[in-house]
Amino acid sequence: MRPRGTSSTKRTPSAASTSCTPTPATRSRWPPRPPTRASSNVACGPGTLALLVAPAVAQVAALDFAAAMIDRLRQRAGRAGLEVDARVGDGQDLPWPDASFDAAFSMFGLIFFPDHARGLRELHRVLRPGGRAVVGSWIPFEPSHPLSMMFAALRDVMPELPLGRGTAPLGQPDEFAAALGAAGFTGVRVEPVTHEFRFANVDAFWTFNIRGNAPVALLHQRLAPERWQAFEQDVLARLRERFGAGEVVYGQTALLGLGVR
């Protein structure tokens, strides 16, 4: 999902698309890909990726810990006339049998699992031999980055979240590649992709993150309505102090980890 306004994305010579198709530079290092019949999307959020993939495959399964996200996905799938097996569940203990899918994705969700190594092993387990996985992570943010400011407010309410303390989960290419290899993946590659986000104002930035940011969704689910309202007001005040009433513009570099079972 993209924010309103203009944006740009810079890719390195090989980066994964949402269909898990490697570019020519990557394809030469991977064995031939079997046809994608079934795909899973773990920590799917509101289902943006699952809905993009659904028209191209026979079966799409999606899972998220947040019931509100799964409800939103089911509503969106219904409006689009798409069939998605959407479930509430734990990405560290997937409900599907071994070797169920040809492709598996977790875009910027698995990195927030308490045990992301276990989450990677589960992704590997549910793939068929030769199946592909793509997992998204983020390069660490500078302290002045809008997301750093937002995560600082999150930590004040939920100190257990691993945000902005020490190294970011799977935030370095070598660490990320090693974790994929330890989970059993072969043909591992980690590709950086930089995207510029542009929002009309702080409110638009915040709305975007409520809809698709995993830690914000977790906090929204945990907090009572009055505590959520107080938290939201605090975050917006911090952001408005920094950005005023104008645009919020920032670059963000993701790491896409690709592996084959």
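Residue positions are given per chain, counted from 1 along the sequence in the order it is written. Selection of residues for local features in this predicted model requires a pLDDT of at least 70, selection of side-chain atom pairs for listing and counting requires 80 or more, and totals for whole chains, interfaces and linings are taken over all residues. Calculated side-chain values reflect all of the structure's heavy atoms, with hydrogen atoms and water omitted.

## Regarding helix α4 (residues 116-126)
Right, so step 1: We call a residue buried when its accessible area falls under 20% of the maximum for its residue type, exposed when it is over 50%, and partly exposed in between, using a 1.4 Å probe and counting protein chains only. Segments assigned H or I by DSSP are reported as helices when at least four residues long, segments assigned E as strands when at least two residues long, and all are numbered from the N terminus. Taken together, the buried positions of α4 are occupied by Gly 119, Leu 120, Glu 122, Leu 123, His 124 and Val 126.
Right, so step 2: In this structure, the buried residues of α4 make contact with β2 (38-42), β5 (101-107), β6 (127-138) and α6 (173-182). Contact criterion: two residues are considered in contact whenever any of their non-hydrogen atoms come within 4.5 Å of each other.

## Remarks on the pairing of β2
For a regular strand, the rule is simple: side chains alternate between the two faces of the sheet.
Right, so step 1: Of all five residues making up β2, five are buried, and the element is well covered by its neighbours.
Right, so step 2: Alternating positions in β2 separate into two faces, Ala 38, Ser 40 and Val 42 on one and Ser 39 and Asn 41 on the other, with burial throughout.
Right, so step 3: A pair of strands is treated as paired once DSSP finds two or more bridges between them. Bridge count between β2 and strand β3 (residues 59-64): five bridges; the pairing is parallel. Within β3, the position partnered with Ser 40 by the bridge is Ala 61.
Right, so step 4: Taking the sense of rotation as the criterion, the β-α-β connection linking β2, helix α2 (residues 48-53) and β3 turns out right-handed.
Right, so step 5: Here β2 pairs with β5 via three bridges, running parallel. Residue Asn 41 lies in a different strand from β5, and its bridge partner there is Phe 105. We call a crossover right-handed when, viewed with both strands directed away from the observer, the connection leading from the first strand over the helix to the second proceeds clockwise.

## Here we look at unusual backbone geometry
Glycine aside, residues mostly have negative phi, and peptide bonds are mostly found in the trans state.
Right, so step 1: Positive phi, close to 55°, is recorded for Ala 43, a residue that is not glycine.
Right, so step 2: Even without being glycine, Phe 108 reaches a positive phi, approximately 65°.
Right, so step 3: In this structure, Phe 108 sits in the loop between β5 and α4.
Right, so step 4: Classification of Phe 108 as partly exposed rests on a relative accessible area of 21%.

## A few points about the pattern of salt bridges
Right, so step 1: When a carboxyl oxygen of Asp or Glu is within 4 Å of a side-chain nitrogen of Lys or Arg, the pair counts as a salt bridge. Taken as a whole and assessed by the stated rule, the structure comprises ten salt bridges.
Right, so step 2: For Arg 198, the salt bridge identified is with Glu 247, shortest N-O distance 3.1 Å. One end of the pair, Arg 198, is in strand β7 (residues 186-199); the other, Glu 247, is in the loop between α9 (225-243) and β8 (248-260), and 49 residues separate them in sequence.
Right, so step 3: Glu 247 sits in the partly exposed class, given a relative accessible area of 45%.
Right, so step 4: Notably, a salt bridge pairs Asp 234 with Arg 238, separated by 3.1 Å at the nearest N-O pair. Of this pair, Asp 234 and Arg 238 both sit in helix α9, separated by four residues, roughly a single helical turn.
Right, so step 5: By relative accessible area, Arg 238 is classed as partly exposed at 28%.
Right, so step 6: The network of salt bridges with shared partners includes Asp 98, Glu 122 and Arg 125.

## Notes on helix α5 (residues 146-157)
An α-helical turn contains 3.6 residues, so any two residues separated by three or four positions project in the same direction.
Right, so step 1: One fewer than the residue count of a helix, multiplied by 1.5 Å, yields its expected span. The terminal C-alpha atoms of α5, which comprises twelve residues, lie 18 Å apart, in line with the 16 Å expected from a rise of 1.5 Å per residue.
Right, so step 2: Of all twelve residues in α5, nine are buried; the element is thus mostly enclosed.
Right, so step 3: Considered for burial, the residues of α5 that qualify are Pro 146, Leu 147, Ser 148, Met 149, Met 150, Phe 151, Ala 153, Leu 154 and Arg 155.
Right, so step 4: The secondary structure elements touched by the buried residues of α5 are α7 (202-212), α8 (214-222), α9 and β8.

Function cannot be read off these values alone, since they describe shape.
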